[in-house]
Amino acid sequence: MTLRRTPELDRLARLHLSRRSLLAASAGLAGAAMLPRGAFALSQDATNAKTGVDPNRFTPETIRQLAGTITVDTAAELHALVPADTAGEVMYWNVGPTEASSAVEKRFYDEFLAAFATYYPNIELQNQNLDYNGMLDTIRTAAEGRAAPAVAKMPILWGVEFAAKGQLQEVTLEEFGLSRELFWEGALKSVTWEDKLYGIPTNNETMAFIWNRALFEQAGLPPDQPPATWADVVRYSKQIKDETGKNGYGMVAKENAGNTPFRYMPMLWAYGGSALDEAEENPTYQTSMINTEGGIAALQNFYDMYVTDRSVPTSALTNTQVENQDLFMAGELAMMIAHPSEYAAIRDRAAKATGQDKARAEEIVANMVYGLIPEGPVRRAVVFGGSNIHIMTEEVHGGPIDRDAARALIAAQTYPEWSLKNAWAGSNPANLRGFETEWMKQRLDEIRFLENTTSMLPYGIPFPVVPQSTEIMNVIVPQMIQNALTETLSVEDAANDAAEQINALAVRA
Amino acid sequence: MALADSRALIAPKPRPGRRPPGLFATIVRRRTDYLYVLPAILVMLVVIGYPLVSTVFLSFFEITSSGERVATGVDNYQRILTDRRVNFWKITGNTLYWTVGSTFFATVLGFGAALVLHRRFPGRGVVRAILLIPWVISHVAAAYVWRWILHSDYGLLGGSLVAWGALDQTPVLLDSKANVMPTLIAVNVWKEFPFVMIMLTAGLQTVPEGLLRAARIDGANIWNQFRHVTLPHLKGVVLITTLLLFVTNLNSFTLVWLMTGGGPANASALWITQIYKLAFVGSPQRGLASAFSVILFLIMLGLGYFYVRALTRGNPDQGAA
């Protein structure tokens, strides 16, 4: 068997990898060279087991075939569960669209509220749309102060913390007229704590890779090919900076911002590292693997791009993805990890631009391309994200919760129509029946590049389902990156420091 | 001299051989005064007293991820002072740098502005109104506007400097460990100097014109008038304003939190931002955050003592109460 030299191997070798791990990585890559589609079979199988996504059922082709095969009557289905004349009230907090969201996301958000009022005219829905980066702190404080909402829709990472604290009510799928086979297993795992279910998934997604074809061309790179590996991303980023003066890769390293782990973990996992051991076949969530050789190699990539090559936005330390979207739209950034919704958002903003800005923005939209997130020496990976909806306990709500009203709301959010429409531009319906509806057909026609993010689904890895996940992902991981990028600690020390913190957290728990 | 004499006339002389009245007797004698302040004291007990007691209590516990309270004695206090991840000493350094820098420059700038505005010139009212704008703007709005102005990649400041040819590259301010604190202090000074300006403008109006005229007749130049007449009159106002500003800056949160979140790599973390992070961000460590708050409270209490002393100096009756 001939060993093929690749940038990953070069990089790992530079980092003085152990002979054994180098051989393992080499073997994997050699296999990849010989069997292009089977190369990641082992790790891919493991990924499927994590998310429950059947790669044969959820391909762009099969999704297109599934779409439009059923017709649903949402009102009838809901009223079979909770009668239409049910009266009551429910306080509902959620992370809804922001100014940066696409028009279609905002429209469906408003339409859901209007539709719910027609399904249940006697249920008063007290809806509150909170910012992603502010809702977690707000809901924690509200829960401590016995003022939490009755129902909350939270990003996939958060729920387990509240479940572990006993602040969520246990639920069953049956009480909402649902069953396990309607959801991906990974989605249900994210709402399971100590074998009990504490919520219902509303949407699940994986992101993809987006690039500006024109900037690639100007930099002398193949305009229609995304970087195949993370080592290519580093190389492309530098070449783009050197040749065009524009930023190459859209790095995000802000602390306490959900965007950071969603954009760092894919590379970390691709190199064989992980925050705990969530990328392994049978994770135990006991020990950190963030400072393994692969983990250090991944962090080294970030260091190279930010410090050595200066090929990424300087503001990466304080930026969220929203600011990167601005830079991308201004033609100042060439590539980044993105939701499919970012195409819709950027297209909307281009439509609103005026004068010279408009021409420039439209040119960017025309040159936007989506592809798969690059792979690393060990696997291709992406965060299996999404949201879940939960009922808080009466204790933290500070009073009785109208269970019927809550059930009506949760059912409305998780039945095929709104599970799909509320995920229109940026995600997928968690209720798999959503894929079969006529609206899915419409969505496939309307939302460009959806097939790229769908193609990433089989590579999804969920965040560790432990209460400390938010601290690990929103604080420790970004701090590690910041420590390395500001040279407060060396790359290796920053990774070791993060591992020490994660392990201490596991012990304290 | 005349003032001292008049006080001597008003204050009751202690009778020789008689013990001064005790605390209880004083309270009974002044019961009406106490009744007047009773509602305020009750409100304070509810909104300050209860949280204070609760915070001190919590500081001796650790709250686990399942929400249980585990008594830890003084471990939290020990951790704050010794755990390198809590970063107490580095953050204390940052806080002092921020507080002293902001207070000093805001005072100097505010004093200068007050002296300029004390002189009569056409458009004085308009200039005063314009200078007041930073103080009137909310901290949140100011933080977002300044973040945009100072953004490392598309900031208005950097972009303009590059466009005018003054710099080759946009300056890295908020994303640089070295530059972030001076930058934040500059923004804070911009926000706070109007407060000093207003306080000292009011103070300047109390300087007796007669004394200044007399000094001028005696041949004092502008500097000597300022040094020997104006400044001694303003000493009290300057002291109180500076102390107020000092305490406000020690308690700063909004501007720093919204502009940098205490980053990059904790380079701009202050006491209050760190307490907030410990209490609400990641896996909340309420016990640790409470212990941090208690330490901060004790420091503030010390400063408060000096503030009250400065406020009541020369008025022993107020001080005694």
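Residues numbered from 1 in each chain as written. Chains lettered and ligands numbered in written order. Predicted model: local features only at pLDDT ≥ 70, side-chain atom pairs only at ≥ 80, totals over all residues. Heavy atoms only, no water.

## Some words on the overall build of chain A
The test is simple: Elements are defined by DSSP. Helices are runs of H or I of four residues or more, strands are runs of E of two residues or more, and each kind is numbered from the N terminus. Exposure categories follow from relative accessible area, calculated using a 1.4 Å probe and restricted to protein chains: below 20% of the type maximum is buried, above 50% is exposed, and the middle band is partly exposed. The contact rule is simple, with two residues in contact once any of their heavy atoms fall within 4.5 Å. Shrake-Rupley sampling with a 1.4 Å probe provides the accessible areas, and residues are treated as covered by the protein chains on show and by no other component.
Secondary structure summary: chain A contains 23 helices and 14 strands in total. Counting all 509 residues of chain A, 63% fall into the buried class. Nonlocal contacts in chain A, meaning residues at least 24 apart in sequence, comprise 76% of its contacts between residues at least 6 apart. Accessible surface for chain A amounts to roughly 18500 Å². Of this, 49% is attributable to carbon and sulfur atoms.

## Topic: the packing of aromatic side chains
Residue and element names in this part refer to chain A. Here is the rule we go by: Between 30 and 60 degrees the pair is tilted, below 30 it is stacked and above 60 it is edge-to-face, where a pair is any two Phe, Tyr or Trp rings, Trp via its six-membered ring, whose centres lie within 6.5 Å. Geometrically, a charge over a ring is one whose NZ (Lys) or CZ (Arg) sits within 6 Å of the ring centre while staying within 35 degrees of the ring normal.
One pass over the structure, following the stated rule, counts 33 aromatic pairs over all chains. Consider the rings of F216 and Y236, whose centres lie 5.6 Å apart with planes at 75°: the pair is edge-to-face. Residue F216 is found in helix α10 (residues 213–218), and its partner Y236 is found in helix α11 (residues 230–244); the two are separated by 20 residues along the sequence. Comparing F216 with Y236 shows no difference in burial state: the two are buried. Through successive ring pairs, a cluster of aromatic residues spans F58, W184, F384 and F435. We note R107 situated over the ring of F108; from NZ or CZ to the ring centre the distance is 4.8 Å.

## Describing the confidence of the model for chain A
Applicable threshold: The predictor attaches a confidence to each residue, and that confidence, scored 0 to 100, is pLDDT.
With 90% of its residues at a pLDDT of at least 70, chain A reaches an overall mean of 87. Every residue in residues 1–47 of chain A is under pLDDT 50, and counting partners more than four places away or in other chains gives 58 contacts.

## Here we look at the nonpolar core
All names here are of chain A. To keep it simple, the criterion reads: By nonpolar core we mean a set of buried residues, namely Ala, Val, Leu, Ile, Met, Phe, Trp, Tyr and Cys, connected to one another through side-chain atoms within 4.5 Å. Each domain's extent was defined by an automatic or database domain assignment.
Counting 107 residues, the largest nonpolar core has Y249, Y264 and M265 as the members making the most contacts within it. When residues in this core are grouped by element, the largest group, nine residues, is from helix α13 (residues 293–308). The residues that make up this core include at least three from each of domain 1 (69–205 + 387–452) and domain 2 (208–382 + 468–508). Those residues in contact with Y264 that lie beyond four places of it in its chain are G295, A298, L299, F302, V477, M480 and I481. F112, I123, I391 and A408 belong to the second largest nonpolar core, which has 59 residues in total.

## Some points on the sheet that holds strand β13 (residues 428–429) of chain A
Residues and elements named next belong to chain A. Going by this rule: When DSSP locates at least two bridges between a pair of strands, those strands are taken to pair. All axes here are fitted lines through C-alpha atoms, helices being fitted over the stretch that makes contact, and every angle between N-to-C directions spans 0 to 180 degrees.
In space, the six strands of this open sheet follow the order β2-β1-β3-β12-β6-β13, with mixed pairing throughout. A single partner strand is all that each edge strand has here, and the edge strands are β2 (123–130) and β13. Pairing analysis gives eight bridges linking strand β1 (residues 88–95) to β2, with the strands arranged parallel. If you follow G88 over to β2, its bridge partner there is I123. Along the sheet face, helix α6 (residues 103–119) touches β1 and β2 and points at about 165° away from the line of β2.

## A short note on the confidence of the model for chain B
On average, residues of chain B score 87 in pLDDT, and 91% of them are at 70 or above. Predicted confidence for residues 1–9 of chain B stays below pLDDT 50, and this span has one contact to residues more than four positions away or in other chains.

## Side note on the side chain of N203 of chain A
All names here are of chain A. Heads up, the condition is: We call two N or O atoms a polar contact when they sit within 3.5 Å, provided that within protein one can donate a hydrogen and the other can accept it, with sequence-adjacent residues counted only if both atoms are side-chain atoms.
By the element assignment, N203 lies in strand β6 (residues 200–205). Within the structure, N203 has its side chain in polar contact with the side chain of T202 (distance 2.7 Å). Excluding residues within four positions of it along the chain, N203 makes contact with K153, G385, G386, S387, A423, S427, N428, P429 and A430.

## Things to note about the domain arrangement of chain A
Where the parts come together, the accessible area they lose is often given as the size of the interface. All names here are of chain A. In plain terms, the rule: By definition, the buried area sums, over both parts, the 1.4 Å-probe accessible area that each loses when the two are put together. The salt bridge definition used is simple: a Lys or Arg side-chain nitrogen within 4 Å of an Asp or Glu carboxyl oxygen. Residues are grouped as follows: nonpolar covers Ala, Val, Leu, Ile, Met, Phe, Trp, Tyr, Cys and Pro; charged covers Asp, Glu, Lys and Arg; every other residue, Gly included, is treated as polar.
Under the domain assignment used here, chain A contains domain 1 (69–205 + 387–452) and domain 2 (208–382 + 468–508). Of note, the centres of domain 1 and domain 2, computed from C-alpha atoms alone, are 29 Å apart. Across the contact, 22 residues belong to domain 1 and 25 residues belong to domain 2. With both sides pooled, the region where domain 1 packs onto domain 2 buries about 1800 Å², and carbon together with sulfur makes up 59% of that total. Among the residues domain 1 hides against domain 2, the three largest losses belong to L157, F449 and N452. Together they make up 31% of the total. Between domain 1 and domain 2 we count zero salt bridges in total. Linking domain 1 to domain 2 there are six residue pairs in polar contact (both at pLDDT 80 or more). Mapped onto the side of domain 1 that touches domain 2, the elements with two or more residues apiece are α6, α7 (132–144) and α21 (450–456). Looking at which element gives the most residues to the side of domain 1 that touches domain 2, the answer is α7, with five residues. Of the residues assigned to the side of domain 1 that touches domain 2, the class counts are 10 nonpolar, five polar and seven charged.

## What to know about the sheet that holds strand β8 (residues 247–249) of chain A
Residues and elements named next belong to chain A. If you walk across this open sheet you meet the four strands as β8-β9-β7-β10, and the pairing is mixed. Edge positions in the open sheet fall to β8 and β10 (368–371), since each of these has one partner strand only. Taking each pair of neighbouring strands and ignoring which way they run, the sheet shows an average axis angle of 25°. Sheet topology note: the strand β7 (residues 208–212)/strand β9 (residues 333–338) ladder contains four bridges and is antiparallel. In the sheet register, F209 faces β9, and the bridge partner there is I337.

## Observations regarding helix α12 (residues 259–270) of chain A
All names here are of chain A. Counted residue by residue, α12 has 11 buried out of 12 residues, so it is predominantly covered. T260, P261, F262, R263, Y264, M265, P266, M267, L268, W269 and A270 are the residues of α12 that are buried. At the C-terminal side of α12, G272 shows a positive phi close to 95°.

## Describing the environment of M91 of chain A
Residues and elements named next belong to chain A. One can find M91 in strand β1. In the structure, M91 is positioned 35 residues away from Q126 in sequence and 4.6 Å away in space, judged by C-alpha atoms. Not counting the four nearest positions on each side in its chain, M91 is found in contact with Q126, A148, P149, A150, V151 and H397.

## Here we look at the UniProt feature "transmembrane region" (unreviewed entry) in chain B
For the record, the criterion: UniProt positions are given in the numbering used here, feature names are shortened, and annotations may be inferred rather than shown by experiment.
Mapped onto the present numbering, the UniProt feature "transmembrane region" (unreviewed entry) falls at residues 34–53, 96–117, 129–149, 193–215, 236–258 and 288–308 of chain B. The span residues 288–308 of chain B carries 100% helix and 0% strand; its end-to-end C-alpha distance comes to 30 Å.

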